[in-house]
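Here are the chains, one letter per residue:
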Amino acid sequence: QAKLLGRDQIQVYSTAGAQKYSATHRLDRDFKRAIAQGEFYLVLQPVVSLDGGQMVAVEALVRWNHADHGELSPASFISDLEKSGQIVDLDIWVFGQALLLLKKFQSQTFVLNINISGQGLINADLLKVVRKARQIHGDQLSRLCVEVTESSLVDDVELAQSALRELQSFNISLAIDDFGTGYSSLSYLHKFSFDRLKIDRAFIVGLETSQEKAVILNTIVSLARALGIQTVAEGIEEIKQFELLAELGCDFGQGFLMSRPVAQNVLVKMLADDWRY
Ligand code: C2E
Ligand code: MG
Ligand code: MG
Ligand code: MG
């Protein structure tokens, strides 16, 4: 299956998705069609500084405009793609789109965050694509941040370590996503050298009324700071949460309060208007 990364750049071939047996033949067929016909697209959600509200990054989040079922959110298909192994092909597609976005927004300074699955991270095909991209877009990769969840790192910790180190050697920064929801959050902080830590929404919901959550958040933020890791709070919906997180010294925030994920043309407009929260 050929994937064109950028207009004039590189072409790579991936068979990763086909190697594992897909439990759902329908998804298998649908997925191939969707990739080929451009049914996937990315929406972009601003990440802002909690000290000033400037947009410092955007996270790219995948959506599937399914030919038969309409708009699908990742919750409805990511885990099936992980089971069939096709998630790797999605990861490669996302990475290719990220390069296009970096090119499109090359005059901007924001960091572009993408989500990569654990399987993708340690997959030889994806790493090949990244290595190639480095030869062509080397300077742009410093604006890319790869988000991985804790749970995606458990399968093969050593392989994941070497893959993440290689990404960092290309100046790609790394974020641990959904921090606090896995079962070895702390051990991962010392096994991997993350640049950013995204605190799961579970710790933000109800923060206004929970002294315990405030204490936990305070501890996470101090720990991260001591380790030289920046903190990002996910899923901020209330002004009070924003204010408390800023007081706790959390660096950045993302959530419906500031902005929902938006289409690319909307982001273009926001940037032109010097949008800030
Ligand atoms: P995530 O990476 O933790 O992304 C944050 C999710 O929280 C997004 O959901 C976002 O829309 C949602 N969110 C942001 N602010 C708020 C808020 O204030 N309140 C609430 N309730 N939700 C908020 P989304 O887009 O449905 O994505 C869900 C998950 O699917 C992501 O969680 C990520 O793990 C996965 N995912 C999304 N895009 C990709 C992708 O391109 N590749 C891979 N492998 N996984 C992806
Ligand atoms: Mg994420
Ligand atoms: Mg997250
Ligand atoms: Mg999440």
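Everything below is about the structure shown above.
Remember, predicted model here, so these are calculated numbers, not experimental data.

A. Quick look at the state of the cysteines. The final tally for this structure, using the stated rule, is zero disulfides. The structure places no disulfide on C145, whose sulfur is separated from the nearest cysteine sulfur, that of C250, by 14 Å.

B. Local environment of the coordination of the magnesium ion (ligand 2). Protein ligation of the magnesium ion (ligand 2) involves E59 (OE), N115 (OD1), E147 (OE) and D177 (OD), the donor distances falling in the range 2.0 to 2.2 Å. Sequence spacing of the donors to the magnesium ion (ligand 2): E-x55-N-x31-E-x29-D. Separating the magnesium ion (ligand 2) from the magnesium ion (ligand 3) is a distance of 3.8 Å, and D177 supplies a donor atom to each of them. Of this pair, E147 sits in strand 7 (residues 144–149) while D177 sits in strand 8 (residues 173–179); the two residues are 30 residues apart in sequence, bridging distant segments of the chain. You can call E147 buried: its relative accessible area is 1%. Residue classification places D177 among the buried residues on the basis of a relative accessible area of 5%.

C. Region of the structure containing the pairing of strand 6 (residues 111–115). Burial analysis of strand 6 places four of its five residues in the buried class, which makes it a mostly covered element. Both strand 6 and strand 7 contribute to a ladder of four bridges, which runs parallel. In the sheet register, N115 faces strand 7, and the bridge partner there is E147.

D. Quick look at the side chain of E39. The residue E39 is located in the loop between helix 2 (25–37) and strand 3 (40–49) in this model. Accessibility expressed as a relative area gives 6% for E39, which makes it buried. Polar side-chain contacts of E39 include one of 3.3 Å to the backbone nitrogen of A67. For E39, the contacting residues outside a window of four places in its chain are R33, A34, R63, W64, N65, H66 and A67.

E. Local environment of the environment of D28. Tracing the backbone through its elements, the reader meets D28 in helix 2. What makes D28 buried here is its relative accessible area of 18%. Separated by 244 residues in the primary sequence, D28 and A272 have C-alpha atoms spaced 40 Å apart. Of the polar contacts made by the side chain of D28, one reaches the side chain of K32; its length is 3.2 Å.

F. Local environment of helix 6 (residues 124–137). Across its 14 residues, helix 6 extends 19 Å between first and last C-alpha, which sits within 8% of the 20 Å expected from 1.5 Å per residue. When we look at burial in helix 6, the residues that qualify are D125, L126, L127, V129, V130, A133 and H137. Between the side-chain oxygen at the start of helix 6 and the backbone nitrogen of D125 there is a gap of 2.7 Å, and the oxygen is on N123.

G. Examining the site of ligand 1 more closely. Lining the immediate surroundings of ligand 1 are 23 residues, of which R63, N115, D177, E237 and F256 lie closest. In this structure, E59 approaches ligand 1 through a side-chain N or O atom, which is 3.0 Å from an oxygen atom. The side chain of D178 places a nitrogen or oxygen atom 3.0 Å from an oxygen atom of ligand 1. Relative to its unbound accessible surface of 790 Å², ligand 1 loses 81% to contact with the protein. When residues in the shell around ligand 1 are grouped by element, the largest group, four residues, is from strand 4 (residues 55–66). A breakdown of the residues in the shell around ligand 1 according to their chemical character gives nine nonpolar, five polar and nine charged.

H. The coordination of the magnesium ion (ligand 3), seen in detail. The magnesium ion (ligand 3) binds to the protein through D177 (OD), D178 (OD) and E234 (OE); the donor distances cover 1.7 to 2.4 Å. Considered as a linear motif, the donors of the magnesium ion (ligand 3) on their single chain read D-D-x55-E.

I. Layout of unusual backbone geometry. A positive phi angle, near 70°, is found at N171, a position not held by glycine. Note on placement: N171 falls in the loop between helix 7 (157–169) and strand 8. Of note, the phi angle at D274 is positive, near 55°, even though the residue is not glycine. Take D274: its relative accessible area is 67%, and that puts it in the exposed class.

J. Layout of the packing of aromatic side chains. On inspection of all chains with the given rule, the structure shows nine aromatic pairs. Each residue in the set F31, F40, W64, F77 and W93 is aromatic and connected to the rest through ring pairs, giving one cluster. For the cation-ring pair, R143 lies above F110, with the distance from its terminal atom to the ring centre recorded as 5.1 Å. A cation sits over an aromatic face here: R260 above F256, 3.9 Å from the ring centre.

Cut-offs and rules
Residues numbered from 1 in each chain as written. Chains lettered and ligands numbered in written order. Predicted model: local features only at pLDDT ≥ 70, side-chain atom pairs only at ≥ 80, totals over all residues. Heavy atoms only, no water. Disulfide = S-S within 2.5 Å. Donors = N, O, S within 2.8 Å, 3.2 Å for Na, K, Ca; no water. Helix = DSSP H or I, 4+ residues; strand = E, 2+ residues; numbered from the N terminus. Buried < 20%, exposed > 50% of the residue type's maximum accessible area, 1.4 Å probe, protein only. Pairing = 2+ DSSP bridges. Polar contact = N/O pair within 3.5 Å; in protein donor to acceptor, adjacent residues only side chain to side chain. Contact = heavy atoms within 4.5 Å. Expected span 1.5 Å × (residues − 1). Near = heavy atom within 4 Å. Areas by Shrake-Rupley, 256 points an atom, 1.4 Å probe, with all protein chains shown as cover. Nonpolar A, V, L, I, M, F, W, Y, C, P; charged D, E, K, R; others polar. Phe/Tyr/Trp six-rings, centres within 6.5 Å; stacked < 30°, edge-to-face > 60°. Lys NZ or Arg CZ within 6 Å of the ring centre and 35° of its normal.

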